[in-house]
Amino acid sequence: QVQLVESGGGLVQPGGSLRLSCAASGSIFSISAMGWYRQAPGNQRELVARMISGGSTNYADSVKGRSTISRDNAKNTVLLQLNSLKPEDTAVYYCSAGVKTTFLAPVYEYWGQGTQVTVSS
């Protein structure tokens with residue numbers, strides 16, 4: 001079993017910054033990609049940022065230039081720094097990780113419970 005635990009959400013004023021962190025634990029052989037997604041009320045879950053084990057990253061156009069994703073592969077953690085926050089960034093943010101639990105196991109996508117980010121004055 002694999003668990004992802006997120007932290008760092010909260011209420012922030014427009015223009016402010018927030019750092020989200022996620023730690024994966026449990027039966028982990030290796031992690032390919034780790035990333036952040038978000039879902040606002042009435043919307044589908046969407047990618048915010050993602051990093052594969054080699055270091056390549058993908059960012060949603062809506063956060064490019066004001067967000068940075070980073071990973072600590074040794075600790076199985078992923079961080080998301082969000083700057084210049086806007087009200088439209090308000091959403092539940094979910095951490096995800098593509099995990100192999102053994103050498104022969106397929107990659108399975110695990111999700112955290114989500115952390116609320118609210119951008120409002």
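Structural data are supplied above this passage.
Here is a short report on the structure shown in this document.

So, how was this worked out
Residues numbered from 1 in each chain as written. Predicted model: local features only at pLDDT ≥ 70, side-chain atom pairs only at ≥ 80, totals over all residues. Heavy atoms only, no water. Helix = DSSP H or I, 4+ residues; strand = E, 2+ residues; numbered from the N terminus. Contact = heavy atoms within 4.5 Å. Phe/Tyr/Trp six-rings, centres within 6.5 Å; stacked < 30°, edge-to-face > 60°. Buried < 20%, exposed > 50% of the residue type's maximum accessible area, 1.4 Å probe, protein only. Disulfide = S-S within 2.5 Å. Core = buried A, V, L, I, M, F, W, Y, C linked by side-chain atoms within 4.5 Å. Pairing = 2+ DSSP bridges. Axes fitted to C-alpha atoms, helices over the stretch in contact; angles between N-to-C directions. Salt bridge = Lys/Arg side-chain N within 4 Å of Asp/Glu carboxyl O.

Glancing now at the environment of G16. Relative to the helices and strands, G16 resides in the loop between β2 (10-12) and β3 (18-26). Put simply, G16 and S84 are 68 residues apart on the chain and 5.4 Å apart in space, counted from C-alpha to C-alpha. When residues no more than four places from it in sequence are discounted, the contact partners of G16 are L82, N83, S84 and L85.

The geometry of an aromatic ring pair is captured by the separation of the ring centres together with the interplanar angle, meaning the angle of the planes. According to the stated counting rule, one finds 3 aromatic pairs in the structure shown. Arranged with centres 6.0 Å apart and planes meeting at 80°, the rings of F29 and F103 form a pair that is edge-to-face. Of this pair, F29 sits in the loop between β3 and β4 (30-39) while F103 sits in the loop between β9 (91-100) and β10 (108-111), and the two are 74 residues apart along the sequence. You can call F29 partly exposed: its relative accessible area is 47%.

Okay, the state of the cysteines next. Evaluated as defined, the whole model comprises 1 disulfide. A sulfur-sulfur distance of 2.1 Å marks the disulfide that ties C22 to C95. Linking C22 and C95, the disulfide has an S-S dihedral of approximately -80° and is accordingly described as left-handed. Separated by 73 residues along the polypeptide, C22 in strand β3 and C95 in strand β9 bring together distant segments of the chain.

Take the nonpolar core next. Nonpolar side chains tend toward joint burial in soluble globular proteins. L20, W36, L80 and Y93 are the most contacted members of the largest nonpolar core, which has 28 residues in total. Listed by contribution, the elements that provide at least two residues to this core are β1 (2-7), β3, β4, β5 (46-52), β8 (77-82), β9 and β11 (115-119). The greatest single-element share of this core, amounting to 5 residues, is contributed by β9. The contact partners of L20, leaving out residues within four places of it in the chain, are S7, G8, G9, W36, V78, L79, L80, L82, Y93, T115 and V117.

Another aspect to go through is the pairing of β5. Relative to β5, β4 runs antiparallel, the two sharing 6 bridges. What sits directly across from M34, in β5, is M51. What sits between β4 and β5 in their antiparallel hairpin is a turn of 6 residues, with G42 showing a positive phi close to 80°. With antiparallel pairing between neighbouring strands as the criterion, β5 and strand β6 (residues 57-59) make up a hairpin whose turn holds 4 residues, including G55 at a positive phi of roughly 110°.

Turning next to the sheet that holds β8. Pairing is antiparallel across the open sheet formed by 4 strands, whose spatial order is β1-β3-β8-β7. Two strands in the sheet have a free side with no partner beyond their single neighbour: β1 and β7 (67-72). Recorded for the sheet is a direction-independent mean angle of 15° between the axes of neighbouring strands.

Within this structure, the stated rule accounts for 4 salt bridges. Among the ionic pairs, R38 bridges to D89, the shortest N-O distance being 2.9 Å. Placement of the pair is R38 in strand β4 and D89 in the loop between β8 and β9, with a sequence separation of 51 residues. For the pair R38 and D89, a shared accessibility class is recorded, and that class is buried. Note on D89: relative accessible area 1%, which makes it buried. Taken together, the salt bridges that share partners define one network made up of R38, E46, R66 and D89.

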